[in-house]
Amino acid sequence: MLKNKGLYTTLTFIIMTTFLLTACSNGKTKKTVSKEEKRTTTFASDEELLNYIQQSHLNYMWEGAEPTSGLAPERIHIDGNYPQNDATVVTTGGSGFGLAGLIVGIERGFIPRKEGVERLHTIADFLATADRFHGVWPHWLEGSTGKTKPFSMKDNGGDLVESAFLMQGLLIVREYFKNGNNEEQALATKIDTLWHEMEWDWYLNGQDVLYWHWSPEYGWEMNFPLEGYNECLITYILAASSP
């Protein structure tokens, strides 16, 4: 019963995410499409439809990226109204998934390889200078400055889970380009440096379990050990394999 419930929840999440990303993408594109152009409404085959959907989903991380960092915004308001003044706030974990999507886009030819590499260099350079806490990024960053945007009052330091999501995307990029041309190999080297600089052992807090948060102001007060069979398992996989 629990297994079926988990499957149902997962499928619901995937469907809702697909709907929201497509909605964001379509809304953003609508501003730039001229009145004479018409959006495709019919497709010759299921494959053509799927290609269209897959390419459209890249828009959030590609066309919708925060311009300075190249990372994924925490949210996009199509009307341009940001009542919390957070238009430039980027999400580290979400950007990790977005990075994997960009590699798919490059492989499929949706994104020109040279332009994709340039964007990825921008991202790697930004992450190298952005706030980190023992090599670990916060949940949110100000995309225009690289400074921490607190997720909550005490959550203003390193976020190990979100950083793990980000690093898994970066490692996909590294592996994809490590045997490429000079620019691509340089990109892989930058990512490898970021990978080596993550201090996973610091987040043990002297115990036999990883901790989600550490803040230079509040220390370990969030007190969230990573346990159980859930999304946090990626932290242990990366920590165990880290250099």
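Starting from 1, residues in each chain are numbered consecutively following that chain's sequence as written. Under the rules for a predicted model, residues below a pLDDT of 70 receive no local features and side-chain atom pairs below 80 are neither given nor counted, while totals for whole chains, interfaces and linings still include all residues. No hydrogens and no water enter the side-chain calculation; it runs on all heavy atoms of the structure.

Trainee: Is there a simple way to explain helix H5 (residues 160-177) in this structure?
Mentor: Over its 18 residues, H5 runs 25 Å from end to end, which matches the ideal 26 Å to within 8%, given 1.5 Å per residue. Among the 18 residues of H5, 14 are classified as buried, and the element is accordingly described as predominantly covered. Two N or O atoms count as a polar contact when they lie within 3.5 Å, although within protein this holds only if one can serve as hydrogen donor and the other as acceptor, and sequence-adjacent residues are included solely when both atoms are side-chain atoms. Secondary structure counts use DSSP, requiring at least four H or I residues in a row for a helix and at least two E residues in a row for a strand, with both numbered from the N terminus. A distance of 3.2 Å separates the backbone nitrogen of Val161 from a side-chain oxygen at the start of H5, and that oxygen is part of Asp159. Expected span of a helix, by definition, is 1.5 Å for each gap between consecutive residues, and there is one gap fewer than residues. Partly exposed describes any residue whose relative accessible area lies between the buried limit of under 20% and the exposed limit of over 50%, with all areas from a 1.4 Å probe on protein chains only and scaled to the type maximum.

Trainee: Got a minute to help me understand the environment of Gly158 in this structure?
Mentor: Inspection of the secondary structure puts Gly158 in strand E4 (residues 158-159). For the pair Gly158 and Pro216, spaced 58 residues apart in sequence, the C-alpha separation works out to 8.8 Å. If near-sequence neighbours (up to four positions away) are discounted, Gly158 is found in contact with Phe133, Val136, Trp137, Tyr203, Trp212, His213 and Trp214. Contact criterion: two residues are considered in contact whenever any of their non-hydrogen atoms come within 4.5 Å of each other.

Trainee: Where do I start with unusual backbone geometry in this structure?
Mentor: Backbone phi values are negative for most residues with the exception of glycine, while trans is the configuration of most peptide bonds. The phi angle at Asn85 is positive, at roughly 55°, despite the residue not being glycine. Examined against the element boundaries, Asn85 turns out to sit in the loop between helix H2 (46-57) and strand E1 (89-91). Using a relative accessible area of 66% as the deciding quantity, one classes Asn85 as exposed. Here the phi dihedral of Asn223 falls at roughly 50°; this positive angle occurs in a residue that is not glycine. Mapped onto the secondary structure, Asn223 falls in the loop between strand E5 (213-214) and helix H7 (233-241).

Trainee: Would you take a moment to explain the pattern of salt bridges for this structure?
Mentor: Oppositely charged side chains can pair when the atoms bearing their charge come close. A side-chain nitrogen of Lys or Arg and a carboxyl oxygen of Asp or Glu constitute a salt bridge if their distance falls within 4 Å. All told, the structure shown has 10 salt bridges when counted by the stated rule. Here Glu197 makes a salt bridge to Arg132, at a shortest N to O gap of 2.8 Å. One end of the pair, Glu197, is in the loop between helix H6 (182-196) and E5; the other, Arg132, is in the loop between helix H4 (113-129) and strand E2 (140-142), and 65 residues separate them in sequence. With a relative accessible area of 35%, Glu197 lands in the partly exposed category. In this structure, the salt-bridge partner of Glu175 is Lys178, at a minimum N-O distance of 2.7 Å. A relative accessible area of 38% places Lys178 in the partly exposed class. Within the structure, one salt-bridge network assembled from shared partners comprises Arg174, Glu175, Lys178 and Asp192.

Trainee: When you look at a nonpolar patch on the surface in this model, what are you seeing that I'm missing?
Mentor: For patches, a residue must show more than 30% relative accessible area and have no salt bridge; joins then use 9 Å for like charges and 5 Å for nonpolar side chains, namely Val, Leu, Ile, Met, Phe, Trp and Tyr. Using a 1.4 Å probe, the Shrake-Rupley method yields the accessible areas, and only the shown protein chains count as cover for residues. Together, Leu49, Leu50 and Ile53 give the surface a local cluster of nonpolar side chains, amounting to about 220 Å² of exposed area. Along the chain, Ile53 falls in helix H2.

Trainee: What is the right way to read the side chain of Asp159 from this model?
Mentor: Among the structural elements, Asp159 can be located in strand E4. Salt bridges are absent for the buried Asp159, whose nearest opposite-charge side chain, Arg75, sits at 14 Å. Here Glu162 takes part through its backbone nitrogen, which lies 2.9 Å from a polar atom of the side chain of Asp159. Setting aside residues no more than four positions away along its own chain, Asp159 makes contact with Val136, Trp137, Pro138, His139, Trp212 and His213. The charge count includes Lys and Arg as positive and Asp and Glu as negative, but it does not include His or the ends of the chains.

Trainee: Just checking my understanding: could you explain the nonpolar core for this structure?
Mentor: Soluble globular proteins: nonpolar side chains tend toward being buried together. Within this scheme, the nonpolar core is defined by two criteria: the residues are buried Ala, Val, Leu, Ile, Met, Phe, Trp, Tyr or Cys, and they are joined through side-chain atoms within 4.5 Å. Within the largest apolar cluster, 49 residues are counted, with the highest numbers of intra-cluster contacts made by Leu120, Leu127, Trp137, Met167 and Leu170. The element that contributes the greatest number of residues to this core is H5, accounting for 10 residues. Setting aside its immediate chain neighbours within four residues, Met167 contacts Trp137, Leu194, Trp195, Met198 and Leu238.

Trainee: Could you clarify how one ought to interpret the sheet that holds strand E3 (residues 148-149) in this entry?
Mentor: In any sheet, the strands associate via hydrogen bonds between backbone groups, in a parallel or an antiparallel arrangement. We call two strands paired when DSSP finds no fewer than two bridges between them. The strand order across the open sheet built from three strands is E1-E2-E3, with neighbouring strands paired in antiparallel fashion. Since the sheet does not close on itself, it has two edges, and those belong to E1 and E3, each with one partner. Pairing analysis gives three bridges linking E1 to E2, with the strands arranged antiparallel. Its bridge partner being in E2, Val90 is matched across the sheet by Leu141.

Trainee: When you look at the packing of aromatic side chains in this model, what are you seeing that I'm missing?
Mentor: Describing an aromatic ring pair means giving the distance of the ring centres and the angle of the ring planes. Working definition: a ring pair exists when centres of Phe, Tyr or Trp rings (six-membered ring for Trp) sit within 6.5 Å. Plane angles under 30 degrees give stacked, over 60 give edge-to-face, the rest tilted. One pass over the full model with this rule turns up 11 aromatic pairs. Between the aromatic rings of Trp202 and Trp214, the centroid separation amounts to 5.4 Å while the plane-to-plane angle is 90°, which identifies the pairing as edge-to-face. In this pair, Trp202 sits in the loop between H6 and E5 while Trp214 sits in strand E5, placing the two residues 12 residues apart along the sequence. Judged by relative accessible area, Trp202 falls into the partly exposed class, the value being 32%. Take Trp214: its relative accessible area is 14%, and that puts it in the buried class. On the numbers, 6.0 Å between centres and 85° between planes, the contact of Tyr203 with Trp220 is edge-to-face. Taken together, the positions of Tyr203 in the loop between H6 and E5 and Trp220 in the loop between E5 and H7 put the pair 17 residues apart, joining distant regions of the chain. Given the relative accessible area of 21%, Trp220 is considered partly exposed. Counting as a charge over the ring demands two things of the Lys NZ or Arg CZ atom: a distance within 6 Å of the ring centre and an angle within 35 degrees of the ring normal. Of note, Arg119 hangs over the ring of Trp62, and the distance from its end group to the ring centre comes to 4.2 Å.

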